[in-house]
Amino acid sequence: MTAEYTATPPEEDLDLERRTFRRLGLRLFPLLVLTLFVNFMDRANLGVVASPMSDDLGLSGSAFGLAAGLFYLGYLLCEVPSNVALNKFGARIWIARIMITWGLLTICLMFVSGPVSLNILRFLLGAAEAGLFPGIILYLTYWCPGRLFARAYSTFQVAVPVGLALTSLITSAILLMHDVLGLAGWRWVFLIEGLPAVLLGILVFLVLPNGPKDAKWLRPDEREYLLRHAQAARSGDTHRRGALAEVMRSKLTWIYAVLYFCMIIGFWTITYWLPTVVQEHFEVSAVSSGLISAVPWAFTAVAMVAVGISSTRTNDVRWHMIGCLVVGGLALLGSTLVDSPILALVLLCLAAGGTQAASPLFWARTSTVFAGALAAVAIAFVNSLGNVSGLVGPYVLGLLSDLTGDTRLGLVVMSIFILVAALLTSVIVRAPATPGKEQ
């Protein structure tokens, strides 16, 4: 099935479209990319500090996995209301609110004294961050014609692996501040990496436009073009009552949510446990494992760009998604079967790159399925249910690690989920693009 967003109506003014998109690339996208970069830095730093923090607080593998995963419980409970609030109050106010509160809570993590305080703050951090990722996906529909959404989203999404790679490097460097002013290195991590979110939130409040109407840097013809052709323009009723009930009644919504769960459970598990897995294979310190952990994420950034270009040129979503997920699942499985640290690292690169490169294709497709109020609610609903995997994956791997003494069995379980996602992809791409009309 050909994705709708790639079609180009003959009447379009392509010169105007290209000029407008270039302007968005200069004036809007860099701020969004920086926002996501800081967001994933504050999510993923817990994995880099896992070893020294667990030693200080007396955390078992399952206790650490639970703390990592409780973020997604708060995320799940608050994500749909948060996306509805963004639609109501505007992106500028709501995204700024999200960033400032998550930054302050990240700083508070430096004061945790045991599992209870860590779990409470991780839950609150998830509640604070809820709505940012699907909110920005929704926000992009205000600016991007459907056929250009995948290109814009891929550019935006590259911030995830780049952020994870730089997080590994930056956090490892901050860990070297151990005992400065009497503080453990992992406490310095939360203080130093929480501040950028607060500062960036203030910047977002000052400069981010709510939509094309508020963008003074657009020319009149560019503004009119976006108002007529952006995906969000397909529906004039962006606050329709009963949107959540309509989304929940759609079988298509649940298929998307299950697929997304299976697709990213391995990603979140790798995100939080990669430094520990690296320590097992290379037998190095926490700082060294953090540095080595940057390699798979750097590879992932390159893979995402390459897959995005290939998918656009071939006008194919289905086989690119299937290929990425099969490679990711088999590579993760293979990493548990080899003894060579270098070969294991190569396979982890393929696992991270394959699973994450499928994500822009998934969301490009999802953004074409729902419109208006359904976009605000459905994107948040699918994302929040899918991100339950962030609670399940790290905890299950931690529990199995406690039982077996290493991470291998847990990684095998995660690889199976990714391969199931590859099977489901054929269903999701062939499904009709109108909720409520499933075959």
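Placed above this text is the structure.
Residues numbered from 1 in each chain as written. Predicted model: local features only at pLDDT ≥ 70, side-chain atom pairs only at ≥ 80, totals over all residues. Heavy atoms only, no water.

## Observations concerning the overall build of the protein
Next, step 1: Within the protein, the secondary structure is distributed over 20 helices and 0 strands.
Next, step 2: Within the protein, buried positions represent 60% of all 439 residues.
Next, step 3: Partitioning the intrachain contacts of the protein with sequence separation of at least 6 by distance along the chain shows that 83% fall at a separation of at least 24. (Helix = DSSP H or I, 4+ residues; strand = E, 2+ residues; numbered from the N terminus. Buried < 20%, exposed > 50% of the residue type's maximum accessible area, 1.4 Å probe, protein only. Contact = heavy atoms within 4.5 Å.)

## With respect to a nonpolar patch on the surface
Next, step 1: Taken together, Phe 89, Ile 93, Leu 199, Ile 202, Leu 203, Phe 205, Leu 206 and Val 207 make up a surface patch of nonpolar side chains, about 760 Å² in accessible area.
Next, step 2: Examining the composition of the nonpolar patch, we find that 6 residues originate from one element, helix H10 (residues 185-207), more than from any other.
Next, step 3: Tracing the backbone shows Ile 202 in helix H10. (Patch = residues over 30% accessible without salt bridge, like charges linked within 9 Å, V, L, I, M, F, W, Y side chains within 5 Å. Areas by Shrake-Rupley, 256 points an atom, 1.4 Å probe, with all protein chains shown as cover. Salt bridge = Lys/Arg side-chain N within 4 Å of Asp/Glu carboxyl O.)

## Quick word on helix H4 (residues 61-89)
Next, step 1: Compared with an ideal rise of 1.5 Å per residue, which puts 29 residues at 42 Å, H4 spans 41 Å between its outermost C-alpha atoms and is within 8% of the ideal.
Next, step 2: Taking the largest bend as the criterion, H4 deviates by roughly 45°, centred on Cys 78, and proline Pro 81 comes between one and four positions later.
Next, step 3: Positive phi appears at Gly 90, one or two residues downstream of H4, with a value of about 100°. (Expected span 1.5 Å × (residues − 1). Bend = angle between axes of the 7 residues up to and from the residue.)

## Describing the pattern of salt bridges
Next, step 1: Tallied over the entire structure, the rule returns 6 salt bridges.
Next, step 2: Among the salt bridges present, the one from Arg 19 reaches Asp 221, with a minimum N-O distance of 2.9 Å. Remark: Asp 221 occurs in helix H11 (residues 220-229) and Arg 19 occurs in helix H1 (residues 14-27); sequence separation between them is 202 residues.
Next, step 3: Given the relative accessible area of 25%, Arg 19 is considered partly exposed.
Next, step 4: What makes Asp 221 partly exposed here is its relative accessible area of 35%.
Next, step 5: For Arg 19, the salt bridge is made with Glu 222, and the minimal N-O distance between the two is 2.8 Å.

## Describing the environment of Pro 341
Next, step 1: As for its position among the elements, Pro 341 is in helix H17 (residues 341-369).
Next, step 2: Since its relative accessible area comes to 26%, Pro 341 is described here as partly exposed.
Next, step 3: Between the C-alpha atom of Pro 341 and that of His 281, which follows or precedes it by 60 residues, the distance is 5.1 Å.

## Focus on the packing of aromatic side chains
Given two aromatic rings, their pairing is described by the distance between the two centres and the angle made by the two planes.
Next, step 1: Evaluated as defined, the whole model comprises 20 aromatic pairs.
Next, step 2: For the ring pair Phe 21 and Phe 29, a centre distance of 5.7 Å and an interplane angle of 70° mean the geometry is edge-to-face. By the burial criterion, Phe 21 is buried, and Phe 29 matches it.
Next, step 3: Where Phe 261 meets Phe 417, the ring centres are 5.8 Å apart and the plane angle is 70°; that geometry is what we call edge-to-face. In this pair, Phe 261 is assigned in helix H13 (residues 251-282) and Phe 417 in helix H20 (residues 408-430), connecting sequence segments 156 residues apart.
Next, step 4: By relative accessible area, Phe 261 is classed as buried at 18%.
Next, step 5: One residue, Arg 97, lies across the ring of Trp 94, its end atom 4.4 Å from the ring centre.
Next, step 6: The ring of Trp 319 has Arg 318 sitting right over it, with the charged end atom 4.6 Å from the ring centre. (Phe/Tyr/Trp six-rings, centres within 6.5 Å; stacked < 30°, edge-to-face > 60°. Lys NZ or Arg CZ within 6 Å of the ring centre and 35° of its normal.)

## Overview of the nonpolar core
Next, step 1: Core analysis: the largest hydrophobic core is formed by 131 residues, its most contacted members being Met 53 and Trp 143.
Next, step 2: By residue number, the principal contributor to this core is H13, which donates 17 residues.
Next, step 3: Apart from the residues within four sequence positions on either side, Trp 143 is in contact with Leu 24, Leu 28, Pro 209, Gly 211, Pro 212, Ala 215, Trp 217, Leu 218, Leu 226 and Ala 230.
Next, step 4: With 6 residues, the next largest nonpolar core counts Val 247, Val 377, Ala 380 and Phe 381 among its residues. (Core = buried A, V, L, I, M, F, W, Y, C linked by side-chain atoms within 4.5 Å.)

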